[in-house]
Amino acid sequence: MQDIPFYVLILSLLLIPTSLVSPLYDGPLYDFTAYTECKEKPGEPLYGGGVLKSQQRSPPGLQDNIASSYVVNNTYVPSLLLYNLTQGTIYTFSAWVRIKGSSSDMIRATLETEKETYDCIGTVSAKLGCWSFLKGGFVLTSPSNLSIIFFQNADGKDINIEVASPSLQPFTNQQWRINQQYMINTKRKRAVTVHVSDSNGRRLQGASICIEQISKEFPFGSAIAKTILGNLPYQNWFAKRFNAAVFENELKWYATEPDEGRVNYTISDQMLQFVRTNNIVARGHNIFWEDPKYTPPWVLNLTGIQLQSAVNSRIHSLMSQYKDEFIHWDVSNEMLHFDFYEQRLGSDATLHFFETAHESDPLSTLFMNDFNVVETCSDVNSTVDAYISRVRELQRNGIFMDGIGLEGHFTVPNPPLIRAILDKLATLGLPIWLTEVDISKTIDRDSQAKYLEEVLREGFSHPSVNGIMLWTAYHPNGCYQMCLTDNNFNNLPAGDMVDKVLQEWQTGRVEGVADVHGSYSFYGFLGEYSITVNYGNRTTHSTFSLSPAKETRHFTITL
């Protein structure tokens, strides 16, 4: 168990609501450490190895804590024995991996219990001759007396794998929530001291102060569809909750130019008007979609100069129509899984898309956007290292790929894996957004709400996540996977859950009285605030903002 600095313990006790913390928290603090560079020597195990440090030393010739080899497809692979794992406990897992006999391979960690196999609890792209950091985790659906974590090449090839400095750190659900709340309170909120004085600078003890948050800095929103146009109940329901939006399909190429040369932005213009009217920020989704299934049929038949001309026309038309309107553009959607344009225009086609989009709208942040990055690690096309590799490829070619878009189409989320993947992506220093969050329609509605809450709490509490978008655009015949309301805009369980966290993640109304120093202090979520101060028969109104900073925000108001 990691030692907790005294000041951190005291601060956490001061900031965390009493309902979420025991009188003296003695659990571990989550370690956000991650590495994406290959190192000459393996690092020390996180948490000192966690529960593994109490196990007996390994037999001679094996790396520390690696208890045996495990046979997979007639091949011996390194394995780690785990004892007495409990159901529902959140286990974070990490290790350093090195390979021999191959220049580079994707190594997957798999967990096998007496009853189940967890196909992927973490991956790493390992390179020859140096050590790479694998970080992941798991939550068991049933207890296990004896489990095995084994390491193998993701494509089943027989290569030599070495493992060092493994770590397994358990967290109870309460400990996990305490860590989440601690990060929310330190990254999403800020201390404020309001000073009240008269025009002569005299402090006014006893002044009545009322503070209300009028807008939130953290963007939290959802996809909208053309069904919102003219639908006042839908508009009111949406605008009451969300400060961000993304158009579900209405900006996609097949929607704006279904036939060559017939460009029509009427629907997206009307949707943008709704966004503007309600002071909502919007993401641009998307310029191109690499999946040929969602490419306009007339484009599929183009090649060479004709295709190049069409894509240039698409970028310039879209970006000139909406210059400075959208805070982001998903430039080449799902480029980890599909490569329609690169197959036909060459390997630098994506570079050209980013270059041209930046020239057309230099103030917009340009995103990669893909699925199965945080949802799972089983998809070899979109592991965290595959994403990082593509970002670095763009950067090496002079493209400032400004944003990491993670779609987030979940079935059953794996919270420690989500957090581990976010940790590794955070090493890039780029803004991270969860861009299309939903839960599969194969899950019942109550479970959808439960799993959605797990995902939203992971996103909001991670210090490197800059925004969250749900993929819940309303359609009378059903949403893409998950609806928040019925057709009368009465909340379904997922909608109730969203309302709950939105209420929890805002300051609301704060009232108090100035002390002997004429001051009043509180912690507030980042955003804009209105303040009203009354003293005797005098009243004054003002506004102030809370932006990210570690120091207390001091605000003086004079009557």
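- Looking at an unreviewed UniProt entry, one finds the protein chain named GH10 domain-containing protein and attributed to Phaseolus coccineus.
- As recorded by UniProt, the Sequence similarities (unreviewed entry) comment attached to the protein chain reads in full: "Belongs to the glycosyl hydrolase 10 (cellulase F) family."

## Focus: the overall build of the protein chain
Argument step 1. In terms of regular secondary structure, the protein chain is built from 13 helices and 24 strands.
Argument step 2. Since a compact globule built from 559 residues should have a radius of gyration of about 24 Å, the 26 Å found for the protein chain is in line with a globular shape.
Argument step 3. Principal axes of the C-alpha set define a box for the protein chain whose edges measure 85 × 65 × 45 Å.
Argument step 4. Burial statistics for the protein chain: of 559 residues in total, 56% are counted as buried.
Argument step 5. The contacts of the protein chain with a sequence gap of at least 6 include a subset with a gap of at least 24, amounting to 76%.
Argument step 6. Summing over all exposed atoms, the protein chain offers an accessible surface of approximately 24,100 Å²; the carbon and sulfur share of this is 48%.
Argument step 7. Averaging the locations of the 44 positively and 59 negatively charged side chains of the protein chain gives two centres separated by 6 Å.

## What about the packing of aromatic side chains?
Argument step 1. In total, this model carries 36 aromatic pairs according to the counting rule given.
Argument step 2. Aromatic side chains Y47 and F171 sit 6.1 Å apart centroid to centroid with 80° between the ring planes, which places their arrangement in the edge-to-face category. Residue Y47 is located in the loop between α1 (6-15) and β1 (68-72), and its partner F171 is located in strand β8 (residues 160-171); the two are separated by 124 residues in the primary sequence. Summarising the burial analysis for this pair, Y47 and F171 share the class buried.
Argument step 3. Seen from their ring centres, Y474 and F489 are 4.8 Å apart, and the 50° between their planes marks the pair as tilted. On the criterion of sequence distance, the pair formed by Y474 in the loop between β19 (465-470) and α13 (493-504) and F489 in the loop between β19 and α13 is long-range, its members being 15 residues apart.
Argument step 4. In this structure Y474 comes out as buried when scored by relative accessible area, which is 8%.

## Focus: helix α3 (residues 232-241)
Argument step 1. If you check which residues of α3 are buried, you get Y234, Q235, W237, F238 and R241. Looking down the long axis of α3, one finds its buried residues gathered within 165° of arc, a one-sided arrangement. Along α3, the residues that are exposed and aim more than 90 degrees away from the buried face are L232, N236 and K240.
Argument step 2. Tucked inside the fold, the buried residues of α3 contact β10 (208-216), β11 (220-224), β12 (244-247), α5 (266-277) and α13.

## Quick look at helix α10 (residues 384-396)
Argument step 1. The end-to-end C-alpha separation of α10 is 18 Å, in line with the 18 Å expected for 13 residues at 1.5 Å each.
Argument step 2. Within α10, the full set of buried residues consists of V384, D385, A386, Y387, I388, R390, V391 and L394.

## Concerning the packing of helix α7 (residues 304-321) against helix α9 (residues 349-360)
Argument step 1. At a minimum axis separation of 9 Å, α7 and α9 run at an interaxial angle of 30°. Regarding the angle of α7 to α9, the classification is roughly parallel. In this structure, the crossing between α7 and α9 has a hand that is right-handed. Along its contact with α7, which presents Q308, V311, N312, I315, H316 and M319, the element α9 presents H352, F353, T356, A357 and S360.
Argument step 2. The residue makeup of the contact of α7 with α9, split by class, is five nonpolar, six polar and no charged.

## Focus on the packing of helix α12 (residues 445-461) against α13
Argument step 1. As a packed pair, α12 and α13 sit with axes 8 Å apart at the nearest point and diverge in direction by 30°. The angle between the axes of α12 and α13 places the two elements in the roughly parallel class. Relative to α13, α12 is oriented so that their crossing is right-handed. Where α12 abuts α13, its residues R445, D446, A449, L452, E453, L456 and R457 lie against P493, A494, M497, V498, K500, V501 and E504.
Argument step 2. Tallied by class, the residues present in the contact of α12 with α13 amount to eight nonpolar, no polar and six charged.

## Considerations on the sheet that holds β10
Argument step 1. The strand order across the open sheet formed by four strands is β20-β10-β22-β23, and the pairing between neighbours is antiparallel. Since the sheet does not close on itself, it has two edges, and those belong to β20 (509-513) and β23 (538-546), each with one partner. In this sheet, adjacent strand axes meet at a mean angle of 20° when their direction is disregarded.
Argument step 2. As judged from the eight bridges shared by β10 and strand β22 (residues 527-535), these two strands associate in the antiparallel manner. Note that in β22 the partner of K216 across the bridge is G527.

## Describing the environment of T485
Argument step 1. With respect to the helices, strands and loops of the structure, T485 is situated in the loop between β19 and α13.
Argument step 2. You can call T485 buried: its relative accessible area is 7%.
Argument step 3. C-alpha separation for the pair T485 and K216, spaced 269 residues apart in sequence, amounts to 23 Å.

## Observations concerning the pairing of strand β15 (residues 365-370)
Argument step 1. Of all six residues making up β15, five are buried, and the element is well covered by its neighbours.
Argument step 2. In the sheet, strand β14 (residues 328-333) pairs with β15 via three bridges, with the strands oriented parallel. Along β15, the bridge assignment pairs H328 with T365.
Argument step 3. Relative to strand β16 (residues 403-406), β15 runs parallel, the two sharing four bridges. The residue of β16 that forms the bridge with N369 is G405.
Argument step 4. Crossover β15 to β16 through α10 is right-handed.

Procedures and definitions
Residues numbered from 1 in each chain as written. Predicted model: local features only at pLDDT ≥ 70, side-chain atom pairs only at ≥ 80, totals over all residues. Heavy atoms only, no water. UniProt positions renumbered as here; feature names shortened; annotations may be inferred. Helix = DSSP H or I, 4+ residues; strand = E, 2+ residues; numbered from the N terminus. Rg over C-alpha atoms; globule rule 2.2 N^0.38 Å. Buried < 20%, exposed > 50% of the residue type's maximum accessible area, 1.4 Å probe, protein only. Contact = heavy atoms within 4.5 Å. Areas by Shrake-Rupley, 256 points an atom, 1.4 Å probe, with all protein chains shown as cover. Lys, Arg positive; Asp, Glu negative; His and termini not counted. Charge placed at Lys NZ, Arg CZ, Asp CG, Glu CD. Phe/Tyr/Trp six-rings, centres within 6.5 Å; stacked < 30°, edge-to-face > 60°. Arc of directions from axis to C-beta. Expected span 1.5 Å × (residues − 1). Axes fitted to C-alpha atoms, helices over the stretch in contact; angles between N-to-C directions. Parallel < 35°, antiparallel > 145°, perpendicular 65-115°, else oblique. Left-handed = near helix turned anticlockwise from the far one by under 90°. Nonpolar A, V, L, I, M, F, W, Y, C, P; charged D, E, K, R; others polar. Pairing = 2+ DSSP bridges. Right-handed = clockwise from strand over helix to strand, strands pointing away.

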